[in-house]
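So you can see what is in the structure, the chains are spelled out below.
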Amino acid sequence: MPGLDPQKYNRATLFWVLQIGGWVAYGISQLVGAMVYDRMPGYSKAVLVAAVWGFLLTIGLRYICRWLWRQSPKVMLGVGLLSCYLLALCWRAVNSHAYKYFVEPEWEMKSILEMFAGSITSTYLFVSWAGIYFGIKYYESLQQQREATLRAASLAQEAQLKMLRYQLNPHFLFNTLNAISTLILDNHNRIANQMVMRLSEFLRYTLDQDPMKKVTLRQEIEAMNLYLTTEKLRFGERLKLEYAVEEGAMDALVPSLLLQPLIENAVKFAVSPSEIGGTIRVEGRTRGSMLELAVADDGPGLSASAPNVPVPAAGRGVGLRNTRERLAVLYEERHRFSTIDNKPGLRIELGLPLELAPG
Amino acid sequence: MNAPRKVRTLLVDDEALSRRGLELRLRVAADIDIIGQCSNGREALAAIREQKPDLVFLDIQMPGLSGFDVLAELQPHELPMIVFVTAYDRFAVQAFEARAID
C-alpha cells in the first residue's frame, strides 16, 4: 500500500485480524457448546447472527475507545462501562429476536427487566473486548516511549561528548597566522607554505571530527605533530619534544583529539612561561587489555599558577576535567585517569580499554 | 641641515618570529631606528635602563618578568613610550589602564 505509514498499516491489519479472529472463535465456541448439549436445530443460525452483530457493534466500540483513550481515567472508566452495557443491551435485544425466530418460536420474554438484567452478563464480553483493546494500545505506547527514551539518552550522550570535545583555541590560530604572515614578509616562502599546509591539515582533523569517532593512536600522534611543529615555529628551541610510544600501541584506537588539550596545556603552562622552555613527553604502551598513555612536562606542576597567563586560560583544570569527563562518558568505569604532580613537572596518565583497529 | 632625530626603538618579545615580524614591519617607517631586541622581561629592564630608548614595543605575556612587571620596576623618569604587543583582549584593556599609547 504505497503512501501509507507502515506502522499505521500494521496496526490496522492487527485490528482486523484480531476482530475477525475473535468473533469467529466466539461463534465456534458457541456452536461446540451447542453440540455438546445437543441443542435444537436452527441454533447455528442464531449463533451466526450473534457473532456478526457482535462483530459490527465492536467496530463501533473501537471508535468509542479511541475517544476514551484521550480522556481522564474517571471518564474512561465511567463512560467505558456505560458504553459496554448499552452495546450489550443492543446485542442482547437482537440475539433474543434471532433466538425466538430461528430456535424457539414459542419462547416469550417474561418481562422487559429480564433483558436489562441479562445484558449485564453480556457486558463482560464487551468489557473484555475494550480491555484487550486498551491493553494493546497501552503496550504500543509504552514501547514507543521506551524507544523515545533510548533515543533521547543517546542524543544527550552525543551532545555531552560534543561539548567536551576539544575546541580549537582561537589564540593558536591567531598566533599561527601572524607567524605565517611574518614568514611571508621575510620571504621564507617555502616554510610559510609548509606552515599553511600543516595548519590546514590540523584544522581538518580538528573541525571535521565526529566526537563519537575513534582514531588510531598513530593518526592522533600525527595530528599532534602537526600542532606541535606549528608551535615549534613560535617557540623554537624552547619547545622540546620526546616520544616514547611502543609500535604495538600505534594501532590502538583512542577518541580523536584526546591528547590535544593535555599537550596544549603543557605548552601553555610548562613551555611558554619558562625562559629556557620545557620538554613535553608523550608515552604510549599496551599492558594486557589496557592501553596506557601519558603526557608529561617539566614545568611548574599543578600547584604553581602560571604567572603570565590571562585568567580565562589559567584554568589548567578545565582541560583536565573535560578529558576526564569525556573518558567517563565513553568508557564509564573502564578507564583510569591520574595526574601526578612531581613539583616540578606534571604527568598525566590515562588508561583505556585496548581496542585495535580492524585489519 | 641635520636629519631629524630618529625614534630610538627597542623590541621586546619572547618569540623570535614575533620580533622579526615587528622588525620587518617597522623597517618601512623611516623615522624608526631599532636599537635592540630582547627576548624576556629581565633583558628588557636592563636594556631600557642602559640604552634609554624613546619607544619600546613590549610583549605582555613573557616568561619570567611580564611586560607589566617590567613597567612596575621602572621609575617614572625612566619610562619610555610603550606600545604593548599582545594577542589577548583582556591584556589590552589592562594595558590602557597602565597608560599605553596604542
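> Can you lay out the pairing of strand S1 (residues 7-12) of chain B for me, pointing to particular residues and giving the numbers?
Look at any regular strand and the pattern is simple: side chains alternate between the two faces of the sheet. All names here are of chain B. Taken together, the six bridges between S1 and strand S2 (residues 32-38) define a ladder with parallel strand orientation. Looking at the pairing, Thr-9 lines up with Ile-34 of S2. In this view, the connection linking S1 to its parallel neighbour S2 by way of helix H1 (residues 16-26) has right-handed handedness. By the bridge criterion, four bridges tie S1 to strand S3 (residues 55-59) in an arrangement that is parallel.

> Mind laying out the sheet that holds strand S6 (residues 336-341) of chain A, listing which residues take part and the relevant values?
Residues and elements named next belong to chain A. One open sheet holds the five strands; their spatial order is S2-S4-S5-S7-S6, and the pairing between them is mixed. Looking along the sheet, the strands with just one partner apiece sit at the ends: strand S2 (239-245) and S6. Each neighbouring strand pair of the sheet contributes to a mean axis angle of 10 degrees, computed without reference to strand direction. Across seven bridges, strand S5 (residues 290-297) lies against strand S7 (residues 346-353) in antiparallel orientation. Note that in S7 the partner of Leu-293 across the bridge is Leu-350. Running at roughly 165 degrees to S2, helix H7 (residues 217-235) makes contact with S2 and S5 of the sheet. On the sheet, helix H8 (residues 260-271) packs against S2, strand S4 (278-287), S5 and S7 and is oriented at approximately 150 degrees with respect to S4.

> Could you give me a rundown of the side chain of Arg238(A), with the residues and numbers involved?
Position of Arg238(A) among the secondary structure elements: in the loop between H7 and S2. Overall, the relative accessible area of 10% leaves Arg238(A) in the buried class. A polar contact is formed between the side chain of Arg238(A) and the backbone oxygen of Ser272(A), at a distance of 2.9 Å. Each residue touching Arg238(A), except ones within four places of it in the same chain, is listed here: Val271(A), Ser272(A), Ser274(A), Glu275(A), Ile276(A), Gly277(A), Gly278(A), Asp14(B) and Pro63(B).

> Explain unusual backbone geometry to me, and be specific about the residues and the numbers.
Backbone geometry places Glu332(A), a non-glycine residue, at a positive phi of 50 degrees. With respect to the secondary-structure elements, Glu332(A) resides in the loop between helix H10 (316-331) and S6. Look at Glu332(A) and you get exposed, because its relative accessible area is 55%. You will see that Lys52(B), though not glycine, has its phi angle at about 45 degrees, which is positive. With respect to the helices and strands, the residue Lys52(B) is situated in the loop between helix H2 (41-51) and S3. Taking the relative accessible area as the measure of exposure, Lys52(B) reaches 57% and is therefore exposed.

Definitions and cut-offs
- Residues numbered from 1 in each chain as written.
- Chains lettered and ligands numbered in written order.
- Predicted model: local features only at pLDDT ≥ 70, side-chain atom pairs only at ≥ 80, totals over all residues.
- Heavy atoms only, no water.
- Pairing = 2+ DSSP bridges.
- Helix = DSSP H or I, 4+ residues; strand = E, 2+ residues; numbered from the N terminus.
- Right-handed = clockwise from strand over helix to strand, strands pointing away.
- Axes fitted to C-alpha atoms, helices over the stretch in contact; angles between N-to-C directions.
- Contact = heavy atoms within 4.5 Å.
- Buried < 20%, exposed > 50% of the residue type's maximum accessible area, 1.4 Å probe, protein only.
- Polar contact = N/O pair within 3.5 Å; in protein donor to acceptor, adjacent residues only side chain to side chain.

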